[in-house]
Amino acid sequence: TANALFGAAALDLPRRGTVGVCGGVGAIAQALALAVRQHGGRVEFRSRARRITRDSSSSITGVETEKDAWFPADAVIANLTPPDLSRILDKPPTGFSRRGLIHAPPPDGWGAFMLYLGVKDELITPGLPLHHQVIAREPLGEGNSVFMSISPEWDPGRAPAGMRAVTLSTHTRPRQWFELKERDEAAYEAKKLALQNAMLSHAANIFPGLDRPDFILPGSPLSFARFTGRSGGWVGGFPQTSLVRNLPPRVGRSLWIVGDSIFPGQSIPATALGGLRVASMLANS
């Protein structure tokens, strides 16, 4: 079952099934950056925001970066989780405080454990779908269920000739990984290896030999926190247990939030819809 409003948002999208983009998901980010520049905008890389600045009347004046640059602004749109946005504000929004989202993700928020593989093309059976959901047992997550995506043979930019890129992921509770890493480094590494082997075994049930890849790179919720800047390794936004869990797009005076923390939540189509909502609201404000 699905909540009616989530279902309505899904029904409003063209049904094409799972789509592969030439160059992978990174190509979408590159296309967005190009569009910003073509419309007169500016894209800054490796320039983390340190503080959103305000004047004496609490009106936003700009954004200060860790490179000591300052960009004036009348309004700020933050593609951040609530805890990460709170860190660059002198005073977190009231809604964040009430929901306990200032310092950490919600207790039932999910993270992901990832495996990035390089395998020989001969292991991928021709004609089979490139996207699979492997369910070994319940409860789902923690290696019992695995999402698998394989780069298409027509995309030469994803892997060297004769090879394919394969991505495996499973939902996992992120807090356990941080606590284990701090408490027992050896146990943390052992947990990574055990989950890695379980996911490879499940994948090999569909494509035999996939459990012996030529290249493998694991990523825990700590990896997400490090490379994406999402505190606590939180991914996927709020669990869809209630519509009121999502944040309103406007979280302060001239301050907006986009991404998977607002309706309709996670995925590229969902976050794009959320961004369109914010753009429309800003244009009409």
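What counts and how
- Residues numbered from 1 in each chain as written.
- Predicted model: local features only at pLDDT ≥ 70, side-chain atom pairs only at ≥ 80, totals over all residues.
- Heavy atoms only, no water.
- Helix = DSSP H or I, 4+ residues; strand = E, 2+ residues; numbered from the N terminus.
- Buried < 20%, exposed > 50% of the residue type's maximum accessible area, 1.4 Å probe, protein only.
- Polar contact = N/O pair within 3.5 Å; in protein donor to acceptor, adjacent residues only side chain to side chain.
- Contact = heavy atoms within 4.5 Å.
- 1 Å grid on protein atoms, 1.4 Å probe; cavity = no way out; pocket = protein on both sides within 12 Å on 5 of 7 lines; lining within 4 Å.
- Points joined across faces, edges and corners; volume = space filled by probe spheres on them.
- Nonpolar A, V, L, I, M, F, W, Y, C, P; charged D, E, K, R; others polar.
- Phe/Tyr/Trp six-rings, centres within 6.5 Å; stacked < 30°, edge-to-face > 60°.
- Lys NZ or Arg CZ within 6 Å of the ring centre and 35° of its normal.
- Pairing = 2+ DSSP bridges.
- Axes fitted to C-alpha atoms, helices over the stretch in contact; angles between N-to-C directions.
- Expected span 1.5 Å × (residues − 1).

Visitor: In this structure, what is going on with the side chain of Asp84? I would like to understand it.
Guide: Within the fold, Asp84 resides in helix α3 (residues 82-87). Assessed through its relative accessible area of 10%, Asp84 is described here as buried. Of note is the side chain of Asp84, whose polar atom sits 2.7 Å from the side chain of Thr81. Residues within four places of Asp84 in sequence aside, it is in contact with Gly229, Arg230 and Ser231.

Visitor: It is not clear to me how the layout of surface pockets should be interpreted in this structure. Could you clarify?
Guide: Of the voids in this model, the second largest pocket is the one considered here, and its volume is about 310 Å³. Lining of the second largest pocket is provided by 15 residues; of these, Tyr116, Phe215, Leu217, Pro218 and Gly219 occupy positions nearest its centre. Secondary structure elements with two or more residues in the lining of the second largest pocket: β5 (111-120), β8 (163-172), β9 (215-219) and α7 (221-228). By residue class, the composition of the lining of the second largest pocket is 9 nonpolar, 4 polar and 2 charged.

Visitor: Quick question: what am I supposed to make of unusual backbone geometry here?
Guide: It is generally the case that most residues other than glycine have a negative phi and that most peptide bonds are trans. Omega for the bond connecting Glu138 with Pro139 falls within 30 degrees of zero, at 0°, which places this linkage in the cis form. The linkage connecting Phe263 with the following residue, Pro264, adopts the cis geometry, with an omega of 10°. Phi at Asp68 is positive, roughly 65°, even though this residue is not glycine. Relative to the elements of secondary structure, Asp68 occurs in the loop between β2 (60-65) and β3 (70-72).

Visitor: Just checking my understanding: could you explain the packing of aromatic side chains for this structure?
Guide: Between two aromatic rings, the relevant description is the distance of the centres plus the angle of the planes. All told, the structure shown has 3 aromatic pairs when counted by the stated rule. Taking the centre distance of 5.9 Å and the plane angle of 90° together, the rings of Trp177 and Tyr188 count as edge-to-face. Note that Trp177 is positioned in helix α5 (residues 174-183) and Tyr188 in helix α6 (residues 185-204), a separation of 11 residues in sequence. Assigned by exposure class, Trp177 and Tyr188 land together as buried. Taking NZ or CZ as reference, Arg173 lies 3.7 Å from the ring centre of Trp110, over its face.

Visitor: It is not clear to me how the environment of Gly7 should be interpreted in this structure. Could you clarify?
Guide: Residue position: Gly7 is located in helix α1 (residues 4-11). Sequence separation between Gly7 and Pro264 is 257 residues, and the spatial gap between their C-alpha atoms is 9.8 Å.

Visitor: Looking at this model, I keep getting lost on the sheet that holds strand β11 (residues 255-257). Mind explaining?
Guide: The strands that make up a sheet pair up through hydrogen bonds in the backbone, lying either parallel or antiparallel. The 3 strands lie next to each other as β4-β11-β10, forming an open sheet whose pairing is mixed. Because the sheet does not close on itself, it has two edges, and the strands there are β4 (76-78) and β10 (250-252). Pairs of neighbouring strands in the sheet enclose a mean axial angle of 35°, with direction left out of account. Across 3 bridges, the pairing between β4 and β11 is parallel. Residue pairing across strands places Ala78 opposite Ile257, the latter belonging to β11. Along the sheet face, helix α8 (residues 268-283) touches β4 and β11 and points at about 160° away from the line of β11.

Visitor: Would you mind showing me how to read α6 here?
Guide: Think of an α-helix as turning once every 3.6 residues; residues three or four places apart then point the same way. Taking 1.5 Å per residue, 20 residues should reach 28 Å; α6 reaches 29 Å between its end C-alpha atoms and fits that length. Between a side-chain oxygen at the N-terminus of α6 and the backbone nitrogen of Ala186 the separation is 3.2 Å; the capping residue is Asp184.

Visitor: What is the right way to read the pairing of β5 from this model?
Guide: With 8 of 10 residues buried, β5 lies mostly within the body of the structure. In terms of strand pairing, β5 meets β8 through 10 bridges, oriented antiparallel. Among the inter-strand pairings, Lys120 is bridged to a residue of β8, identified as Met163. Here β5 pairs with β9 via 5 bridges, running antiparallel. Across the sheet, residue Met114 finds its bridge partner in β9, namely Gly219.

Visitor: Would you mind showing me how to read the side chain of Thr65 here?
Guide: Mapped onto the elements of the fold, Thr65 is located in strand β2. The exposure class assigned to Thr65 is buried, which follows from its relative accessible area of 4%. Beyond its immediate chain neighbours, meaning those up to four positions away, Thr65 contacts Ser47, Arg48, Ala49, Arg50 and Phe71.

Visitor: Please explain the sheet that holds β3 as it appears in this structure.
Guide: Within the open sheet, the 3 strands sit side by side as β1-β2-β3. Their pairing is antiparallel. Looking at which strands have only one partner, the edges of the open sheet turn out to be β1 (49-54) and β3. Each strand axis lies, on average, 20° off the axis of its neighbour in the sheet, ignoring direction. Summarising the sheet, β2 and β3 pair through 3 bridges and their orientation is antiparallel. Each bridged residue has a counterpart across the sheet, and for Glu64 the counterpart in β3 is Trp70.

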